[in-house]
Each structure stands twice: as structure tokens, then as C-alpha cells.
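Coordinate analysis (summary)
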Amino acid sequence: MTQAVTVHPLVSPWGRFGLYSFFIDAPEPAIVDTGIAPSPVEGMAPALERIGRRIEDVRWILLTHGHIDHVGGAFALWELTGRRAQVVIHEADAPMLRSRRAHVEEYRAGRGRYLRDPEGEARVAAAANAAISGEMEPTLLLQGGETLSLGGDVTVSVHAVPGHTPGSVAYVVDGQRSVFTGDAVQVHGAANGFPGYTDPAAYRAGLEHLRDEVRPRNLYLGHPYRRADGTPYGVELDEAQAREAITQSLAAERRVAAAACACLEAGPRETDSPYSPFAPVADALGYTGDPALEPSPFFTSLHGYRAQHHRTAQYRSFTP
């Protein structure tokens, strides 16, 4: 039986919002996600000191996915551990830890196609330069299905839950079903009011896996995601809240999918709308958020549906 471990949230300053990491108080201590470049010094180290722990003793850096606000502090944190911690990420998102340029390429391939911002690439490059503490090679690459030993009887199972990003994973403390999902459970979005994912089918499958197989007893989210009425969850959810958040995430995806499919079947049209070429989707969903506000989940998700629609159309054209 895995020994019980305590989880402590570590909040780091960041603009209007905090960035959330989590400390797993195991024999070989772990931190899940790392915020941005200043987060280890400004947020993590003081928080750990307050609970009588030292950042130098962290032995595992577990990254749920490759976005800037989750991997940005990884190199700085690794340095503070004397480079003794294992830095862990799924192989599909590893390029975003290895290279700041990978974040610019992600922008160009997805939401950047729609934002009509001639300075967009430069802004993303500047953000990556400022927020990522250093490019680095992970010490352990994941595929999903691994079990990590955090010393003693503490083990963590790795579950691939792609969708938000290709390499999104959930870490599950075995025996107590404490589950860290990063941004893989979007509910109805965070402050931007829209759920963000690059692959809708994979996102839906990941949520179903969490609901049916993992069944979190405690769910730890990367941000305070929101219910349909706009009220935010915290980042530490109990079993009932976790079930509700996953159920609402699936319901939100179904609503977006229905609107996206109708738009794509009719044919997206370029207009003067800031939501162009997906204005009918915003209208159908009553979405009035700023689609240009980074990380621009509206265009990220709609581009995912467009790519999915294109793949389906290609398959049909080659099917006798």
C-alpha cells in the first residue's frame, strides 16, 4: 500500500493571475509544474520555507505539458536543486522545454493563422525569452503508462491525456488517487471564458479516461477553471467537485463541437468579425470574450476542429 503523502499548492505571482505548482511531500519530494522564470525564487522557495521544506531537496520536477506558464521555471528550479532533480515531460511536448523557438512555431501553426497580428510572432518570441528560464534537455521522457518511484512506498502513475497539447499527462499518486492534470481539464475555460485544446477528439478521450479509469479522489488543476455560470473552481478539488469538473468539461466540449461542426459544414467565411472565420461559432455559443487575448483559446480550439474536419474529409475522399 502506498504511504499517504501531503500535497501543498505553491502559488507564484504572475500579472492578474497566480501560477500554480504543487509540492508532493514524498521521501523524494516532487514539484508538479514550474510556472515561469521567476516562479521558483519568488513563489516556490518562500512557500516551501513556510512549511519547513527546502527547494534544494526537490528530486522530481514533473511537467504536465509544455506551455510557457508550466515549463518556464523548470531550468531555474533544476538549478536550485543543484541539478539533482529529474526533469520529466512527455516526449510530444519535450520540444517546448528544449527550445524557446518551439513556442513560436506552435503559434504560427495554430492560432497565429487567425489573429491578424503582424507583431504576433515577435510578441510570442519575446514572451518565451522572458518567461522561460532556460532551454534544457529533460532527464526523463514519457509516453504514458510509466510508474515513477518517489522513494519509500510512494509511486506516481503517468497517464497520457493529450488534447490540450499533444503531450499533456496526468500524474496520479497511487493508492490515494491524488491527480495532477495541469490544463487537461478545461471545464468552460479560465478567465478567458473558452476551453482551449489543440485536438478535440484526444481532449474528449482524455476526459473520459480520467472520469472512467482514474476517478480522482483529489484533483489538482493548473488554473481556477470556471463553471458554466462563470464561477471559478479552486485548484484543489475534492472527489465530488472533480467529477463535476470533468462532466462539465465534456459537456462544454460537446457544445463547442456542435457549433464548430455546423460552421465547418457550411464553410468558414472571412468577415470583419474579430472571430473570423469562425464568427458563427461565437454567435451560437454566445461567446463575447476577446479572441486575441493570449493564449487565445478560441482560435486554438477552433483550429483543432478545422484540422479534425479536414482529416475526416480526406478520409471520406479516399474511402470507396
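Read on for a plain summary of the structure.

Cut-offs used in this document
Residues numbered from 1 in each chain as written. Predicted model: local features only at pLDDT ≥ 70, side-chain atom pairs only at ≥ 80, totals over all residues. Heavy atoms only, no water. Helix = DSSP H or I, 4+ residues; strand = E, 2+ residues; numbered from the N terminus. Salt bridge = Lys/Arg side-chain N within 4 Å of Asp/Glu carboxyl O. Buried < 20%, exposed > 50% of the residue type's maximum accessible area, 1.4 Å probe, protein only.

Geometrically, the link from S276 to P277 is a cis peptide bond, its omega value of 5° lying close to zero. Structurally, the position occupied by P277 is in the loop between α8 (239-266) and α9 (279-285). Looking along the chain, the bond that leaves E294 and enters P295 is cis, with omega of 10°. The topology assignment puts P295 in the loop between α9 and α10 (297-318). The phi dihedral of R177 falls on the positive side, at around 50°, and the residue is not glycine. Its location among the elements puts R177 in the loop between β9 (169-173) and β10 (178-182). Even without glycine at this site, V187 takes up a positive phi of about 50°. Assignment of secondary structure puts V187 in the loop between β10 and α7 (200-214).

Per the counting criterion, the structure on display carries 16 salt bridges. Among the salt bridges present, the one from D25 reaches R53, with a minimum N-O distance of 2.9 Å. Taken together, the positions of D25 in the loop between β2 (19-24) and β3 (30-32) and R53 in the loop between α1 (39-50) and β4 (60-62) put the pair 28 residues apart, joining distant regions of the chain. Residues E105 and R101 are paired through a salt bridge, measuring 3.1 Å at the closest nitrogen-oxygen approach. One end of the pair, E105, and the other, R101, are both in helix α5 (residues 101-109), 4 residues apart, so they sit about a helical turn from each other. Here E105 falls in the partly exposed class, since its relative accessible area comes to 35%.

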